[in-house]
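Each chain, letter by letter, is given below.
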Amino acid sequence: MKIDVEDIDSTRKKIRVSLSSDQVAEKRNSVFRDVMGGVSVKGFRKGKVPRHVVESMYGKEVDQETASNLVSETLSEALAQRSLLPVTRPDITEMGEVKTGEDFAYSAEFEVVPDFELSDYSSIPVKKTVRQVTEEDIDAEVQKLRERSAQSRLIEEDRSAKEGDYLFVDYSGKFEDGETIDDLNRQNVRFLLGEEQFAPEFEENLLGKKAGEEAQFSVSYPEDFLIPEAAGKTVSFTVKINEIHDRILPEADDDFAKDFDVEGISELKEAIKEQLEHLHEDEQLSSMREQIVDDLLSKNQFDVPPSLLEKEEESLKARFLSDMQRGGVTEPEIGEDVAPKFTEKAAESVRTSIILGRIAQKENVRVTRKQLNEHIDRLAASYNLPPDQVHKAYEQPGTMEHLESQIKTRGVLDLLLERAQIEEVEGEPAQIDKE
């Protein structure tokens, strides 16, 4: 077998494989014997049809089957001999004809990861953010819990709306051309004035208004506004204030703390402190891993195979659209100004995967079945689900491979972190963003 490899560009190669006439003849005879064994011709017993009769009837099909078998049986071997690892299925671009006494040749094109020299990763500089949890941090989190547990009480007296009030409003909005959309028309919506649930101009125009009053004003939305139809446009609103409510915060005492499954306020504060410390450790590790990735990306420059880039870009867009829909945007769109950001992010993601994969291979970082099982068991416990059910879910095609890739990536990053040159710096505390 003769093999020639040609570089089309940095991410695409062409391989040409030539097979000797003897190898071709051997494969053709094998195919021919299979065909003869199944041929039935009137006047001859099955399997006893003369070769020249079968040749006249099925010779062309035998040649085509021989060519197909030669390609499928030798391409993988040829790639392995040249240590080539395609990232896409090779595309057969040229294929010769099978002829008696002649060699047979074919060509295939495919994408590969570009060859690059891996940078030194033995001592990557990393900043480690250090921050002690203070009483002020804990008190701030207690205040957030109080605000989330706030009660709403209708204001009977005739007073104007102020920041910190709950407003119940009807609003309708129209574009400058008179058109409107459902997202700009709502009835009896409750929101906390001053929390910027709506655009600042929207809320500012309701300050000082009383229950029963209407306000008319315009709001100009930025180009990146979450509602695509309103992005970059001006909307004229009519807003009626139906009710104004006081926000009543509970006292931060033992009774309040019991709502969070603890004995008293001191235990609640201790639990908050532990959670803040855990959050800070998680953010600390996440930040250091990101710094390692940024360092590797800056020092290892190479082109990304187009197919991998396209696949990752589509994956990022799908997750983005899904997140937007969960956030209430019914028909999100990705504009021309945003699309390049997905391409850039996808390229970084693919390059990161390639670099970390190269390091994993060099450092012999592997993922065992035990590690996979332990990870799935922890996941099941965190969601309070039967382990067998979660294990079964991970047996779906591609799911276990994805998990293995995640664990291997984390293993490589942890290895690099162990070897990193770490500098401690003072930082801001973590914040608890969920109830």
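Residues numbered from 1 in each chain as written. Predicted model: local features only at pLDDT ≥ 70, side-chain atom pairs only at ≥ 80, totals over all residues. Heavy atoms only, no water.

**Q** Could you give me a rundown of the overall build of the chain, with the residues and numbers involved?
**A** Scanning the chain from N- to C-terminus turns up 11 helices and 11 strands. The globule rule puts the C-alpha radius of gyration for 435 residues at 22 Å, and the 34 Å found for the chain is more than 25% above it. Reported as C-alpha extents along the three principal axes, the dimensions of the chain are approximately 110 × 60 × 45 Å. In the chain, which comprises 435 residues, the share counted as buried stands at 35%. A separation threshold of at least 6 residues defines the contact pool for the chain, and within that pool the share at least 24 residues apart is 69%. Approximately 27,100 Å² of the chain is accessible, and the part contributed by carbon and sulfur atoms is 45%. Looking at charge distribution, the chain has the averaged site of its 57 positive side-chain charges lying 9 Å from that of its 96 negative ones. (Helix = DSSP H or I, 4+ residues; strand = E, 2+ residues; numbered from the N terminus. Rg over C-alpha atoms; globule rule 2.2 N^0.38 Å. Buried < 20%, exposed > 50% of the residue type's maximum accessible area, 1.4 Å probe, protein only. Contact = heavy atoms within 4.5 Å. Areas by Shrake-Rupley, 256 points an atom, 1.4 Å probe, with all protein chains shown as cover. Lys, Arg positive; Asp, Glu negative; His and termini not counted. Charge placed at Lys NZ, Arg CZ, Asp CG, Glu CD.)

**Q** Which residues make up helix α7 (residues 306-326), and what are the values?
**A** Given a rise of 1.5 Å per residue, 21 residues ought to cover 30 Å, and the 30 Å separating the end C-alpha atoms of α7 matches this to within 8%. In the core, the buried residues of α7 are packed alongside α8 (339-363). (Expected span 1.5 Å × (residues − 1).)

**Q** Tell me about the sheet that holds strand β4 (residues 104-111), residues and numbers included.
**A** Reading across from one edge, β1-β2-β4-β3 is the order of the four strands in this open sheet, with antiparallel pairing throughout. Two strands close off the open sheet at either side, each with one partner strand: β1 (2-9) and β3 (91-95). For this sheet the average axis-to-axis angle between neighbouring strands, irrespective of direction, equals 20 degrees. Of the pairings in the sheet, the one linking strand β2 (residues 12-19) to β4 comprises eight bridges and is antiparallel in character. Counted as the bridge partner of S18 is A105 from β4. (Pairing = 2+ DSSP bridges. Axes fitted to C-alpha atoms, helices over the stretch in contact; angles between N-to-C directions.)

**Q** Outline a negative patch on the surface, supporting the account with residue identities and numerical values.
**A** Together, E251, D253, D254, D255, D259, D261, E263 and E267 line one region of the surface with negative charge. In this structure, D253 sits in the loop between β10 (234-248) and α5 (254-258). Under the relative-accessibility criterion, D253 is labelled partly exposed at 34%. (Patch = residues over 30% accessible without salt bridge, like charges linked within 9 Å, V, L, I, M, F, W, Y side chains within 5 Å. Salt bridge = Lys/Arg side-chain N within 4 Å of Asp/Glu carboxyl O.)

**Q** Outline the pattern of salt bridges, supporting the account with residue identities and numerical values.
**A** Oppositely charged side chains can pair when the atoms bearing their charge come close. Enumeration over the complete set of coordinates arrives at 22 salt bridges. Across the salt bridge formed by E109 and R12, the nearest N and O atoms sit 3.5 Å from each other. Taken together, the positions of E109 in strand β4 and R12 in strand β2 put the pair 97 residues apart, joining distant regions of the chain. A relative accessible area of 19% means that E109 is categorised as buried. For R159, the salt bridge is made with D165, and the minimal N-O distance between the two is 2.9 Å. We classify R159 as buried; its relative accessible area is 18%. Through salt bridges that share partners, R153, R159, K162, D165 and D246 make up one connected network.

**Q** Provide a residue-level description of the pairing of β10, including the pertinent values.
**A** Of the pairings in the sheet, the one linking strand β6 (residues 151-154) to β10 comprises four bridges and is antiparallel in character. Each bridged residue has a counterpart across the sheet, and for R153 the counterpart in β10 is D246. With seven bridges connecting them, strand β9 (residues 214-220) and β10 associate as antiparallel partners. Looking across to β10, one finds that Q216 is bridged to T238.

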